[in-house]
Amino acid sequence: MFKIGETATCNRCKRMFTYLGFGHRLCSECKRIDDEVFGRAREYIEAHGTATMIEIEAETSIPIRQIQQYLREGRLEIPENSPIYIKCESCRCDIRSGRYCKECAAKLSKDLEGAMRMDEYEIGEVPKMKQGKMHYIGNASETKVRERKK
């Protein structure tokens, strides 16, 4: 994950640019071109209602792959009454836009939350002084047994 102000490589042209912290990693020139292409797609859809991807490609010269990318990004949406939809990347059910259906998105979110949850022993303590020897940390009963043996 890039941070604001970091140098990044453009996903399209592979030029170096300063990441501004939002959107896909595109340099300013590729972003400008992408916005123009998306504008053409949006204008065509506004004028022609429920056009198919094939019609949009034929009339605007925008490749179907790019139209599918706009659908995956949630910038375009397939109309409710369409006979053709894109597929959820997880369960392959029909969806109108995005990458996942609501059920898979909720499951992935829950799985990620569970994976990110940390047990107490996984969180380290910041040292108060910069010197010291490494020692063994056992559970409380082991520590008491060792103390009694001393």
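The following refers to the structure shown. (Residues numbered from 1 in each chain as written. Predicted model: local features only at pLDDT ≥ 70, side-chain atom pairs only at ≥ 80, totals over all residues. Heavy atoms only, no water.)

## Concerning unusual backbone geometry
Only a minority of non-glycine residues have a phi that is not negative, and only a minority of peptide bonds are not trans.
Here is step 1 of the chain: Positive phi values are uncommon outside glycine, yet Ser61 reaches one of about 65°.
Here is step 2 of the chain: Among the secondary structure elements, Ser61 is positioned in the loop between helix H2 (53-60) and helix H3 (64-72).
Here is step 3 of the chain: One non-glycine residue, Arg92, adopts positive backbone phi at about 70°.
Here is step 4 of the chain: With respect to the helices, strands and loops of the structure, Arg92 is situated in the loop between strand E3 (86-87) and strand E4 (94-95). (Helix = DSSP H or I, 4+ residues; strand = E, 2+ residues; numbered from the N terminus.)

## What about the packing of helix H1 (residues 28-48) against H2?
Here is step 1 of the chain: Packing of H1 against H2 leaves a shortest axis separation of 10 Å and a crossing angle of 115°. Classified by chirality, the crossing of H2 by H1 is right-handed. Contact residues: H1 offers Arg40, Tyr44 and Ile45, while H2 offers Glu55, Ile56, Glu59 and Thr60.
Here is step 2 of the chain: Considered class by class, the residues forming the contact of H1 with H2 number three nonpolar, one polar and three charged. (Axes fitted to C-alpha atoms, helices over the stretch in contact; angles between N-to-C directions. Left-handed = near helix turned anticlockwise from the far one by under 90°. Contact = heavy atoms within 4.5 Å. Nonpolar A, V, L, I, M, F, W, Y, C, P; charged D, E, K, R; others polar.)

## Here's the deal with the environment of Thr7
Here is step 1 of the chain: With respect to the helices, strands and loops of the structure, Thr7 is situated in strand E1 (residues 7-9).
Here is step 2 of the chain: In this structure Thr7 comes out as partly exposed when scored by relative accessible area, which is 49%. (Buried < 20%, exposed > 50% of the residue type's maximum accessible area, 1.4 Å probe, protein only.)

## Points about H3
Here is step 1 of the chain: All of the buried residues along H3 are Gln66, Ile67, Tyr70 and Leu71. Take H3 and look down its axis: the buried residues cluster within an arc of 150°, on one side only.
Here is step 2 of the chain: Looking at the buried positions of H3, the neighbouring elements they touch are H1, H2 and E3.
Here is step 3 of the chain: Phi turns positive, to about 80°, at Gly74, one or two residues after H3. (Arc of directions from axis to C-beta.)

## Here we look at the packing of aromatic side chains
The description of two aromatic rings rests on the distance between their centres and on the angle between their planes.
Here is step 1 of the chain: Summed over all chains, the structure comprises one aromatic pair.
Here is step 2 of the chain: Aromatic pair Phe38 and Tyr70: ring centres 5.1 Å apart, planes at 75°, arrangement edge-to-face. Here Phe38, found in helix H1, pairs with Tyr70, found in helix H3; they are 32 residues apart in sequence, far enough to count as distant.
Here is step 3 of the chain: Its relative accessible area of 12% is what places Phe38 among the buried residues. (Phe/Tyr/Trp six-rings, centres within 6.5 Å; stacked < 30°, edge-to-face > 60°.)

## Quick notes on the pattern of salt bridges
Here is step 1 of the chain: Per the stated rule, a full pass over the model turns up 14 salt bridges.
Here is step 2 of the chain: The salt bridge involving Arg75 is made with Glu73; its shortest N-O contact spans 3.3 Å.
Here is step 3 of the chain: Relative accessible area serves as the criterion here: at 27%, Glu73 is assigned to the partly exposed category.
Here is step 4 of the chain: Residue Lys87 pairs with Asp94 through a salt bridge whose shortest N-O separation is 2.6 Å.
Here is step 5 of the chain: Residues participating in the shared-partner salt-bridge network are Arg12, Lys31, Asp34, Asp35, Glu73 and Arg75. (Salt bridge = Lys/Arg side-chain N within 4 Å of Asp/Glu carboxyl O.)

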